[in-house]
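# Chain and residue survey
Read off the chains here:
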Amino acid sequence: MIEKTVLAVDIGAESGRVIAAHFDGSRLRLEEINRFPNVPVKAHDTLHWDILRLWNDVQSGIHKAERADSIGIDTWAIDFGLFDRVGNLLGNPVHYRDRRTEGMMDAVFAKVSRADVFAATGIQMLPFNTLYQLYSLVQRHDPMLESAARLMTIPDILYYWLTGVPVNEFTNATTTQCFNTGAGEWAFNLLDRLGISERIFAPVSAPGQILGSANGIPVVLTPHHDTACAVLGVPASGSDFAYLSSGTWSLLGLEIDRPVINAEALALNVTNEGGFGGTTRLLKNIMGLWLLQESRRAWANAGDEHSYDELAALAARAEPFRALIDPDDPEFLPPGDMPARIRAYCERTDQPIPADVGAVARCIFESLALKYRYVLDQLRRLTGRSVATLHIVGGGAQNALLCQMTADATGCTVIAGPVEATALGNAMVQLIALGALASVTEGRALIRDSFPLVTYTPRDTAAWEAIVLRFVSYIENQNR
């Protein structure tokens, strides 16, 4: 066959990239065309995304490509822009870590019960979900919301500017907690009870179709949510696997046929997000490597710079299991001095306080591995599924220490890689749309054949089993 080259635009919370995926009929090869930082901007005490800078970087990457048979875009979820009736963006999208959603979950639950919100959406209760961002605008009678004609998530915006076609893509819509996954439409009854106008929500479009073109290049509507793409890029065979998309956030879950929306799922605070081809991603959001990223930033600001490899090496030499944290403690969500917050958590929970860089890094890694074990146990109980293999994809797949800790803590065989699973899932959907691949199953086999994977088998499981109950006590005490 004639080689196909598709451009996967993949933007995460820390950086973005434009990657060319070359498919010769038997192997995939990736070529990074453009990599750029994603740096939030604070103005008048509000934390924004620099959407125009991102748009410029996307265009630059597309223009640098020597050829392309199609283009697709994915980004993080939740955040959005509001547009007027003639298609103008009304303001810079606000960052999900901005403090405007503080107290909004409680305000929503005062009008609509937590159980009713979950029954309508099946989505994990997270304080920065789109639902609570919108309700913060309702609460302050924001004129931008009152004059808006349409809501678009971040990748919707980029697609609109690229093609001129306004769209709300399915996988990203399901993450907002404004969408009824079971009914396949926006949760208008819920939105109406909260005073959020239905006029800003357009019908959703399923990924996999050619949406339009840009400079004569077909633009494929890929799954807009980066986690939906990352799960497609998991090189699994069969269905009895769990996945962990490991980056700024850790998304740990199972790929299933239909949503699980019941009292137990609500109690466990899991999420049911729409996947490509009608699948459901039953998963949980975990704070992830954000803890290490912010710690590294704090140390660098104090003149003590370390690469991620150096931090892993220092952690490997530190004493094990001295101090543990719940990675999802609300104190760890906003930007700031993460090492100081970790030390304060340890002091509050009567643990030894991590004294140096290596001790803090080890605390982060061990706590993440234990949280993965905790969540995986919940998902197993909820579905009755036996899971022997955990696929780790994304940047965290490069961290051998964390991968081995995860194998030890969960008792699963961990298969790490590929790092660029999100771009590969994006590219897979484009190749399916172009007729170069027949199915996701074929695409996953192609990824297995094209990229090196590293296997970690459980080793020191007894030591980890001995510490699990101590770790669980911190989580349960926090949730009381």
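Residues numbered from 1 in each chain as written. Predicted model: local features only at pLDDT ≥ 70, side-chain atom pairs only at ≥ 80, totals over all residues. Heavy atoms only, no water.

## Quick notes on the sheet that holds strand β17 (residues 389-393)
As a general point, the strands of a sheet are linked pairwise by backbone hydrogen bonds and lie either parallel or antiparallel. Going by this rule: Pairing between strands is defined by DSSP: at least two bridges between them are needed. Note on conventions: DSSP H or I runs of at least 4 residues are helices, E runs of at least 2 residues are strands, and numbering of each starts at the N terminus. Note on definitions: angles span 0 to 180 degrees between N-to-C directions of axes, and those axes are lines fitted to C-alpha atoms, for helices only across the stretch in contact. For this analysis, residues touch if any pair of their heavy atoms sits within 4.5 Å.
With mixed pairing, the seven strands of this open sheet are ordered in space as β15-β16-β14-β13-β17-β18-β19. Two strands in the sheet have a free side with no partner beyond their single neighbour: β15 (271-274) and β19 (454-456). Recorded for the sheet is a direction-independent mean angle of 30 degrees between the axes of neighbouring strands. Relative to strand β18 (residues 413-416), β17 is paired through four bridges, and the arrangement is parallel. Across the sheet, His391 pairs through a bridge with Ile415, a residue of β18. Packed onto the sheet, helix α14 (residues 357-383) meets β13 (241-246), β14 (250-256) and β16 (280-286) and runs at close to 150 degrees relative to β16.

## Topic: the packing of helix α16 (residues 421-433) against helix α17 (residues 440-450)
This is how the line gets drawn: Angles are sorted into four bins: roughly parallel if under 35 degrees, roughly antiparallel if over 145, roughly perpendicular if 65 to 115, and oblique for all others. Take the far helix as the reference: if the near one is turned anticlockwise from it by less than a right angle, the crossing is left-handed, and if turned clockwise, right-handed. Think of it as three bins: nonpolar holds Ala, Val, Leu, Ile, Met, Phe, Trp, Tyr, Cys and Pro, charged holds Asp, Glu, Lys and Arg, and polar takes everything else, Gly as well.
Packing of α16 against α17 brings their axes to within 10 Å, and their N-to-C directions diverge by 130 degrees. One finds that α16 runs oblique with respect to α17. As α16 packs across α17, the resulting crossing turns out to be right-handed. Residues Leu424, Met428 and Ile432 of α16 lie in contact with α17, whose contacting residues are Val440, Gly443, Arg444 and Ile447. Counted by class, the contact of α16 with α17 contains five nonpolar, one polar and one charged residues.

## Regarding the pairing of strand β3 (residues 28-37)
Each regular strand carries side chains that alternate between the two faces of the sheet. Relative to β3, strand β2 (residues 15-23) is paired through nine bridges, and the arrangement is antiparallel. Residue pairing in the sheet places Arg17 in a bridge with Arg35 of β3. Taking the residues between adjacent antiparallel strands as the criterion, β2 and β3 are bridged by four residues, where Gly25 takes a positive phi near 105 degrees.

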